[in-house]
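# Tertiary structure, described
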Amino acid sequence: MTQTRESDFIVNGNRVSDGAGVQLTRIIGSPELNMLDPFLMFDAFGSDKPQEYLAGFPPHPHRGFETVTYMLQGRMKHEDSVGNAGIIETGGVQWMTAGKGIIHSEMPEQKEGLLAGFQLWVNLPSEHKMTEPKYQEKAASEIPVTTLDDGTNIKVIAGRASDGTEGVITNHFVEPTYLHVFLPAGKQFVHSTEETDNAFIYAVKGQLSIGKNQAPLNLGQLSVLGKGSEVLIKSDKEHASEFLLVSAQPLNEPIARGGPFVMTTREQVEQAFDDYRQGRFA
Ligand code: FE
């Protein structure tokens, strides 16, 4: 029997300053929602005021999880301690498995105009936290977009769309779904999920309603979905909308956080700080 996922609760997030002074909205990893296993953090950034983003994220370490940067608009340059460098441009995604450790910087590659996008942190299972660092970086042109009969477009970053279109990112650690859905006015979106997956919807544009209860979700809000085998989203009659659907099986493991390190035990976090201070990161 199909069980439709209803909106469990809605999170607005907190305005915070991170990096060297970048203004962003922290939605997961905030006092309102500490985590949604395996998602440790979800930030939305979006500003056309250079003073809110120019300072960027100078070199900093990560260990024990993955960072996923999805650019809606603008250009962000990244560089790291093992010689990787590149520019994430409008519509592109970078899925970085920090694993045992990486030191990287993320800096705007623009002096003016809109810079907007998201960063999601995905936890790694404890047995894979010390895996070799790895990147999957894909330009907008490489990410499959499938069009359904009713005109809905689904950009498949990870996981699989309802018509079988496979995402461009392969992730064998937590096998997440990450879709950007463009829903025309007056249409509905239906997507089957594993019943026990944790899942959220983030409204990128317009207004949506969630589930059979038609709980409203406004621009910039995140809905944590209740359990169920199907996601059901409607756009309003007059306006098209856009949203992200992100889901994965929870890891159900203990978590020890320490700034840029997310490990299983306190000792491992202390070890990470020690390794970083002693220059034992790559
Ligand atoms: Fe980072």
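Along every chain, residues carry numbers that run from 1 in the direction the sequence is written. The predicted nature of this model means local features are confined to residues of pLDDT at least 70 and side-chain atom pairs, given and counted, to a pLDDT of 80 or more, with totals for whole chains, interfaces and linings taken over all residues. Just so you know, side-chain values use all the structure's heavy atoms and leave hydrogens and water out.

## Quick notes on the packing of aromatic side chains
The pairing test for Phe, Tyr and Trp rings, Trp by its six-membered ring, is centres within 6.5 Å, and the orientation test on the planes gives stacked under 30 degrees, edge-to-face over 60, and tilted for anything in between. Following the criterion strictly, the structure yields twelve aromatic pairs and no others. A centroid spacing of 5.9 Å and a plane angle of 90 degrees characterise the contact between F39 and F200, whose relative ring orientation is edge-to-face. Here F39, found in strand β4 (residues 39-47), pairs with F200, found in strand β17 (residues 198-205); they are 161 residues apart in sequence, far enough to count as distant. In terms of burial, F39 and F200 fall into one category: buried. Relative to F243, the ring of F189 has its centre 5.3 Å away and its plane inclined at 75 degrees; by these criteria the two rings are edge-to-face. Here F189, found in strand β16 (residues 188-192), pairs with F243, found in strand β22 (residues 241-248); they are 54 residues apart in sequence, far enough to count as distant. We count a stretch as a helix when DSSP gives it H or I for four or more residues in a row; a strand needs E for two or more, and each element gets its number in order from the N terminus. Only protein chains enter the accessibility calculation, which uses a 1.4 Å probe. A residue is then buried if its area is under 20% of the maximum for its type, exposed if over 50%, and partly exposed in between.

## Focus on helix α1 (residues 266-277)
Multiplying one less than the number of residues by 1.5 Å gives the expected span of a helix. Taking 1.5 Å of rise per residue, twelve residues should cover 16 Å, and α1 covers 17 Å from first to last C-alpha, within 8% of that figure. If you follow the buried residues of α1, they end up packed against β23 (256-258) and β24 (261-263). Looking at the residues trailing α1, positive phi occurs at G279, about 70 degrees. Only heavy atoms enter the contact rule, under which two residues are in contact if any of them lie within 4.5 Å.

## A look at the sheet that holds strand β9 (residues 93-97)
A sheet is described by the order of its strands in space; here seven strands give the open sequence β2-β3-β4-β11-β6-β9-β12, paired in antiparallel fashion. Strands with a single pairing partner mark the edges of an open sheet, and in this sheet they are β2 (14-18) and β12 (134-138). Strand-to-strand twist across the sheet, computed as the mean angle between neighbouring axes with direction ignored, equals 20 degrees. Note on pairing: two strands pair once DSSP finds at least 2 bridges between them. Bridge count for β2 against strand β3 (residues 22-28) is five bridges, and the pairing is antiparallel. Paired with D18 across the bridge in β3 is V22. As a rule, the C-alpha atoms of each element are fitted with a line to give its axis, helices using only the stretch in contact, and angles between N-to-C directions run from 0 to 180 degrees.

## Looking at empty space enclosed by the protein
Using protein atoms alone on a 1 Å grid, points that fit a 1.4 Å probe yet trap it form a cavity, whereas open point sets bounded by protein on both sides within 12 Å along at least five of seven lines form a pocket; residues with an atom within 4 Å of a point count as lining. Grid points are joined across faces, edges and corners, and a volume is the space filled by probe spheres set on the points. Going through the model one piece at a time under the given rule, you end up with one cavity of 30 Å³ or more. Estimated volume of the largest cavity: approximately 40 Å³. Surrounding the largest cavity, V22, F45, Y53, G56, F57, M76, P108 and L115 form its lining. Classification convention: Asp, Glu, Lys, Arg as charged; Ala, Val, Leu, Ile, Met, Phe, Trp, Tyr, Cys, Pro as nonpolar; all other residues, Gly among them, as polar. By residue class, the composition of the lining of the largest cavity is seven nonpolar, one polar and no charged.

## A word on the side chain of Q94
Relative to the helices and strands, Q94 is located in strand β9. Among the polar contacts made by the side chain of Q94, one reaches the side chain of H78 at a distance of 3.1 Å. The contacts of Q94, once residues within four sequence positions are left out, are T67, V68, T69, H78, I88, Y135, Q136 and E137. For the purposes of these results, a polar contact is taken to be a pair of N or O atoms within 3.5 Å, where, inside protein, one atom must be able to donate a hydrogen and its partner to accept one; residues adjacent in sequence count only when each atom of the pair is a side-chain atom.

## As for the pattern of salt bridges
Salt bridge, as applied in this entry: a Lys or Arg side-chain nitrogen positioned within 4 Å of an Asp or Glu carboxyl oxygen. Going through the model one piece at a time under the given rule, you end up with nine salt bridges. Between R26 and D18 there is a salt bridge, with the nearest N and O atoms lying 2.7 Å from each other. Looking at R26, the relative accessible area reads 15%, which means it is buried. Of the charged contacts, one joins D274 and R280 as a salt bridge, the two residues approaching to 3.2 Å between their closest N and O atoms. Looking at D274, the relative accessible area reads 30%, which means it is partly exposed. Judged by relative accessible area, which is 48%, R280 ranks as partly exposed. Residues joined by salt bridges that share partners form a network here, namely R63, D274, D275 and R280.

## Focus on the pairing of β22
Burial runs high along β22: eight of the eight residues are buried. Burial of β22 is two-sided: the residues S241, F243, L245 and S247 facing one way and the residues E242, L244, V246 and A248 facing the other way are all buried. The sheet contact formed by β17 and β22 spans seven bridges and is antiparallel. Directly across from N198, in β22, lies its bridge partner A248.

Remember that the coordinates give geometry; whether it matters functionally is a separate question.
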